[in-house]
Amino acid sequence: MLVLTRKRGQSILVGDDIEITILEVDRDHVKVGINAPKSVKVYRRELYEEIKRANTESIIKDKGLVEDLLKNV
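Read on for an overview of the structure. Just so you know, these numbers come straight off a predicted model, no measurement behind them. (Residues numbered from 1 in each chain as written. Predicted model: local features only at pLDDT ≥ 70, side-chain atom pairs only at ≥ 80, totals over all residues. Heavy atoms only, no water.)

This paragraph deals with the overall build of the protein chain. On a plain count of helices and strands, the protein chain comes out with one helix and three strands. Counting helices and strands in the order they occur from the N terminus, the protein chain gives β-β-β-α. Within the span of the protein chain, comprising 73 residues, buried residues form 5% of the whole. The contacts of the protein chain with a sequence gap of at least 6 include a subset with a gap of at least 24, amounting to 0%. Taken as a whole, the protein chain presents about 7,100 Å² of accessible surface, with 55% of it coming from carbon and sulfur. (Helix = DSSP H or I, 4+ residues; strand = E, 2+ residues; numbered from the N terminus. Buried < 20%, exposed > 50% of the residue type's maximum accessible area, 1.4 Å probe, protein only. Contact = heavy atoms within 4.5 Å. Areas by Shrake-Rupley, 256 points an atom, 1.4 Å probe, with all protein chains shown as cover.)

This paragraph deals with the packing of aromatic side chains. Tallied over the full model, the rule gives one aromatic pair. Centre to centre, the rings of Y43 and Y48 are 6.1 Å apart; their planes meet at 40°, and the pair counts as tilted. For Y48, a relative accessible area of 38% puts it in the partly exposed group. (Phe/Tyr/Trp six-rings, centres within 6.5 Å; stacked < 30°, edge-to-face > 60°.)

Before going further, it helps to examine the sheet that holds strand β2 (residues 18-26). Reading across the sheet, the three strands line up as β1-β2-β3 and stay open at both edges, with antiparallel pairing between neighbours. Each edge of the open sheet is held by one strand with a lone partner, namely β1 (11-14) and β3 (29-35). For this sheet, the mean angle separating the axes of adjacent strands, direction not counted, is 25°. Pairing analysis gives seven bridges linking β2 to β3, with the strands arranged antiparallel. When the sheet's bridge partners are listed, I20 is paired in β3 with I34. (Pairing = 2+ DSSP bridges. Axes fitted to C-alpha atoms, helices over the stretch in contact; angles between N-to-C directions.)

Attention now goes to the pattern of salt bridges. Under the criterion given, the structure shown has six salt bridges. Notably, a salt bridge pairs R44 with E46, separated by 2.8 Å at the nearest N-O pair. The same class applies to R44 and to E46, which are both exposed. Where E50 meets R53, a salt bridge forms, and the shortest distance between an N and an O atom there is 2.3 Å. Of the two residues, E50 and R53 both sit in helix α1 (residues 45-71), three residues apart, roughly one turn of that helix. What makes E50 partly exposed here is its relative accessible area of 38%. For R53, a relative accessible area of 38% translates into the label partly exposed. Taken together, the shared-partner salt bridges in this structure form one network comprising R45, E49 and K52. (Salt bridge = Lys/Arg side-chain N within 4 Å of Asp/Glu carboxyl O.)

Structure, rendered in structure tokens:
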């Protein structure tokens with residue numbers, strides 16, 4: 001893991017087309033702005049984990065539904 005120190009208004013570049021800017025620092029909160037192409041999906045980790053969990057549950061339910069349908073064929 002690369003660890004960097006940045007001040008408000010300073011940026012970090014990831015590759016050629018992603019820029020992460022420190023917008024605000026307030027005690028233990030940091031507001032971050034991310035400029036990235038629309039083709040790059042950007043999620044907060046907790047939201048990404050929730051999406052993965054929901055997708056996994058959906059796949060499991062769909063698999064059970066398909067198995068039930070195949071039994072009736």
